[in-house]
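Summary of the model geometry
The chain contents come next:
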There are 2 protein chains.
Amino acid sequence: MELDERKKTILKLIIATYLETGEPVGSRTISKFNDLNLSSATIRNEMADLEELGYIVQPHTSAGRIPTDKGYRFYVDNLMEEKEDAEVEKSTLLERVDRMELLLKQVAKVLAYNTNYATLVTAPKYKKTVKFIQLSKVDDETLLAVIVVEGNLIKNQIIPIDTILDNEDVLKFNILLNTFLQGASLEDINLEMINAMKKQSGEYSIILDQIFQGIIEAVNEANELEIYTSGATNILKYPEIGDIIKTSELLEKFEDKEELTHLIEETTGNKDDNHDIQVYIGEENAVQNMEDCSIVTATYKMPEGATGTIGIVGPKRMDYKKVVSTLKNLTIELDDIFNKRKGVNEDG
Amino acid sequence: MELDERKKTILKLIIATYLETGEPVGSRTISKFNDLNLSSATIRNEMADLEELGYIVQPHTSAGRIPTDKGYRFYVDNLMEEKEDAEVEKSTLLERVDRMELLLKQVAKVLAYNTNYATLVTAPKYKKTVKFIQLSKVDDETLLAVIVVEGNLIKNQIIPIDTILDNEDVLKFNILLNTFLQGASLEDINLEMINAMKKQSGEYSIILDQIFQGIIEAVNEANELEIYTSGATNILKYPEIGDIIKTSELLEKFEDKEELTHLIEETTGNKDDNHDIQVYIGEENAVQNMEDCSIVTATYKMPEGATGTIGIVGPKRMDYKKVVSTLKNLTIELDDIFNKRKGVNEDG
DNA sequence: GTTAGCACTCGAAAGATTTGAGTGCTAATA
DNA sequence: TATTAGCACTCAAATCTTTCGAGTGCTAAC
């Protein structure tokens, strides 16, 4: 059996109504849409068909119908018209901020505010290159390494040292570090490279160990998938997750960066569709405890080709239209910011 | 009417039992403690007295008794023996970490792990002095200011500039900045000081504006009361807060740094008692929506006399003994760390 | 002062009843 | 052949009822 036009219309009405009300939708409700002009009995017959096809189910006999994951999927892919972009006010959303980190935090916040769902944003994952590296002497036992990578992501690393260095020594180290590291991508900085540097430097090799140790730590940290979240408490407002335990598990998951990294890596695997928006509905999520959630993510692009993800986690019954259009607008805005001004900072 | 010894004993047993079980405590339960040797009828009479005095109440007729805020207060002040310190393993709790920020985050985590409550930790609030300040040129339009203050708290600030500076200029600025700022307390850095610097420098005054702007921002940021939290989701596990809405409001409060600052400032006002442990029970909290919570805080001291707060937020029915002793141990450990090694970093 | 005994209270749990939205089926209709 | 009116049926949710038992307060006796 195929979905004819009328079935599609009815399915769309059912899902749209359910998204609005949250109540199972009965045949009478649908029959009342006057552009349809069908009796409830006819709707019932169609509904029975749609149920057989797996698009809707009854939570129990003698209740209305609610969409299945398959139903949602069909709705998202084929039935939903997206909201007109017009209504989302642009450019007021994001204030100018200088640092990638702050910008992304703000994106998460804005998104949470606009959608009322839990949101998460990842920093672009790409071959970040070292833009600037500097070793400074804070006091006799302490060095400070500052590493700025493309995108103005800054990492600090305190490096405790045994030997007292004078300023000239530090200067030498700085020259050495910059010679080797400036412009290098973070992935390039590994033991091999470091051994090369050691050879070249000859003396100081004991101290060098400590310095490299610190720098590698900083680089690793900078290389981790950074995730910013906002609006986690919105999870408590999903009415469908009646179970407090489940809710709390979800919340904990949302507090745990590692879990989130996993989640994001799962979801960004397959990108196929329009404008890099991906929707994962219920069981489509490979992550545990997320069966009652939908995840919608969008991908933004850096001029260098690197990409990052912004996304929301909400209940399956969510306003997909709005979420998709909000995400789309935000990514466009982000793309703009990154592409207009190569680098994030520029004053208005 | 005064509390005689027997009444005290009975009150203590009631509260201890209630803390354990969470159920209202009946007269029979108490009469079974065999070191008491009293019938339930006698206990009932005593209970009636204790109720009249306001230490306990019945949630409803024909239920057992539960402690009032006044009851808890008396328990905490007079009846509770603290747990022996012995059982808390020391020194394994905190790994060595170099930066204040990381250390405090870890304290929050450890505390949450040990108590299963929501925890919060503030950075010491004191006249932080600038240990080290450095301006670097990242690229033609961007300077980076790095400020390290006592306690190895690091602030970075990106400063966009219009004019292209060469390295020599930057060096000059650095000398200027360090001459004025090194050793200065953050509070000292204000417009006045900056004007003095401007005068001294003469030329470059346009650029100086931008630089100072950035530095003041960084200083202000460093000067805010920094709060680290952990285990916020534990709030969901307080069984007594049946109301999901209240819980969610609490959680939101816990996500909101400003609210927390407010909370902390409220609670650290009056310090009176033993070892700087403060307990705020129920209505004693000046903060809204916290009537069903107790807050226990402890104060740790830096060698310079600065103090910070570590604390937990939990339900009124909490294991005060355990919380107090855990807090006590952690503060002692923190005090140790700060006082043994002046500054945080030192390798084992 | 303490206690045994007893009537009483009231929340929680379990069961019974009512209500109404919604269904599926059938037979009539266009 | 597709649509519809009509009707019996179902079942969750809300409401009321009953039962149960833990716990109380009071009184009279020790």
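Throughout what follows, the structure given in this document is the object of discussion.

Cut-offs used in this document
Residues numbered from 1 in each chain as written. Chains lettered and ligands numbered in written order. Predicted model: local features only at pLDDT ≥ 70, side-chain atom pairs only at ≥ 80, totals over all residues. Heavy atoms only, no water. Least-squares fit on C-alpha atoms with pLDDT ≥ 70 in both. Contact = heavy atoms within 4.5 Å. Buried < 20%, exposed > 50% of the residue type's maximum accessible area, 1.4 Å probe, protein only. Helix = DSSP H or I, 4+ residues; strand = E, 2+ residues; numbered from the N terminus. Pairing = 2+ DSSP bridges. Buried area = accessible area lost by both parts, 1.4 Å probe. Salt bridge = Lys/Arg side-chain N within 4 Å of Asp/Glu carboxyl O. Polar contact = N/O pair within 3.5 Å; in protein donor to acceptor, adjacent residues only side chain to side chain. Nonpolar A, V, L, I, M, F, W, Y, C, P; charged D, E, K, R; others polar. Axes fitted to C-alpha atoms, helices over the stretch in contact; angles between N-to-C directions. Patch = residues over 30% accessible without salt bridge, like charges linked within 9 Å, V, L, I, M, F, W, Y side chains within 5 Å. Areas by Shrake-Rupley, 256 points an atom, 1.4 Å probe, with all protein chains shown as cover. Lys, Arg positive; Asp, Glu negative; His and termini not counted. Charge placed at Lys NZ, Arg CZ, Asp CG, Glu CD. Near = heavy atom within 4 Å.

A word on the relation of the copies chain B and chain A
You can overlay chain B on chain A at an RMSD of 0.2 Å; the transform is a turn of 180° with a shift of 0.1 Å along its axis. The symmetry that links the two subunits is that of a two-fold axis. A high fraction, 100%, of the interface residues of chain B reappear at the interface in chain A, so the copies pair face to face through one surface.

A few points about the pairing of strand β8 (residues 277-281) of chain B
Residue and element names in this part refer to chain B. Taking burial as the measure, the five residues of β8 include five buried ones, the bulk of the element. Alternating residues of β8 divide into Ile277, Val279 and Ile281 and Gln278 and Tyr280, and every residue in both groups is buried. Where β8 meets strand β9 (residues 293-301), five bridges bridge the pair, whose relative direction is antiparallel. Looking at β9, one finds that Gln278 is bridged to Thr297.

Topic: the interface of chain B and chain A
Of the residues lining the interface, 30 residues belong to chain B; the matching set on chain A comes to 30 residues. Interface area for chain B against chain A, summed over the two sides, is near 2800 Å², with a carbon-plus-sulfur share of 59%. In this structure, the connection of chain B to chain A is made through four salt bridges. Salt-bridge contacts for Lys237(B) lead to Glu252(A); the nearest nitrogen and oxygen are separated by 3.5 Å. Linking chain B to chain A there are six residue pairs in polar contact (both at pLDDT 80 or more). Elements represented by at least two residues in the side of chain B that touches chain A include exactly β4 (130-139), β5 (142-149), β6 (153-160) and α9 (244-255) of chain B. Take the side of chain B that touches chain A: its biggest share by element is seven residues, from β4(B). In terms of residue class, the side of chain B that touches chain A is made up of eleven nonpolar, eight polar and eleven charged.

Things to note about the pairing of β5(B)
Residue and element names in this part refer to chain B. Of all eight residues that make up β5, eight are buried, and the element is covered over most of its length. Burial of β5 is two-sided: the residues Thr142, Leu144, Val146 and Val148 facing one way and the residues Leu143, Ala145, Ile147 and Val149 facing the other way are all buried. Both β5 and β6 contribute to a ladder of eight bridges, which runs antiparallel. Bridging from a neighbouring strand, Val149 pairs with Leu153 of β6. With antiparallel pairing between neighbouring strands as the criterion, β5 and β6 make up a hairpin whose turn holds three residues, including Gly151 at a positive phi of roughly 95°.

Describing the sheet that holds strand β10 (residues 307-315) of chain A
Strand pairing in a sheet is mediated by backbone hydrogen bonds. Such pairs are either parallel or antiparallel. Residues and elements named next belong to chain A. Across the sheet, five strands lie side by side as β7-β3-β10-β9-β8; this open sheet has antiparallel pairing. Two strands in the sheet have a free side with no partner beyond their single neighbour: β7 (227-230) and β8 (277-281). Taken pair by pair, the neighbouring strands of this sheet meet at an average axis angle of 15°, ignoring direction. Summarising the sheet, strand β3 (residues 118-122) and β7 pair through four bridges and their orientation is antiparallel. Bridge pairing in β7 links Val121 to Tyr228. In the packing of helix α10 (residues 257-267) onto the sheet, contacts are made with β3, β7, β8, β9 (293-301) and β10, and the angle to β7 comes to roughly 100°.

Observations concerning a negative patch on the surface
On the surface, Glu224(A), Glu255(A), Asp256(A), Glu258(A), Glu224(B), Glu255(B), Asp256(B) and Glu258(B) cluster together into a patch of negative charge. By the element assignment, Glu224(A) lies in the loop between α8 (205-223) and β7.

Some remarks on the protein's contact with DNA strand C
Around DNA strand C sit 20 residues, and of these Ser27(A), Arg44(A), Arg6(B), Thr42(B) and Ser62(B) come closest. Backbone atoms, meaning sugar plus phosphate, form 76% of the atoms of DNA strand C positioned within 4 Å of the protein. Interatomic distance of 2.8 Å between a side-chain N/O atom of Arg6(B) and a phosphate oxygen of DNA strand C. Take Thr42(B): an N or O atom from its side chain is 2.6 Å from a phosphate oxygen of DNA strand C. Residue assignment for the surface near DNA strand C shows that the elements contributing at least two residues are α3 (40-52) of chain A together with α3 (40-52) of chain B.

Structural notes on the side chain of Arg65(A)
Residues and elements named next belong to chain A. In this structure, Arg65 sits in the loop between β1 (56-57) and β2 (66-67). In this structure the side chain of Arg65 is engaged in a polar contact, spanning 2.8 Å, whose partner is the side chain of Glu51. Among all residues touching Arg65, those that are not within four sequence positions of it are Ile14, Pro24, Val25, Met47, Ala48, Glu51, Ile56, Val57 and Gln58.

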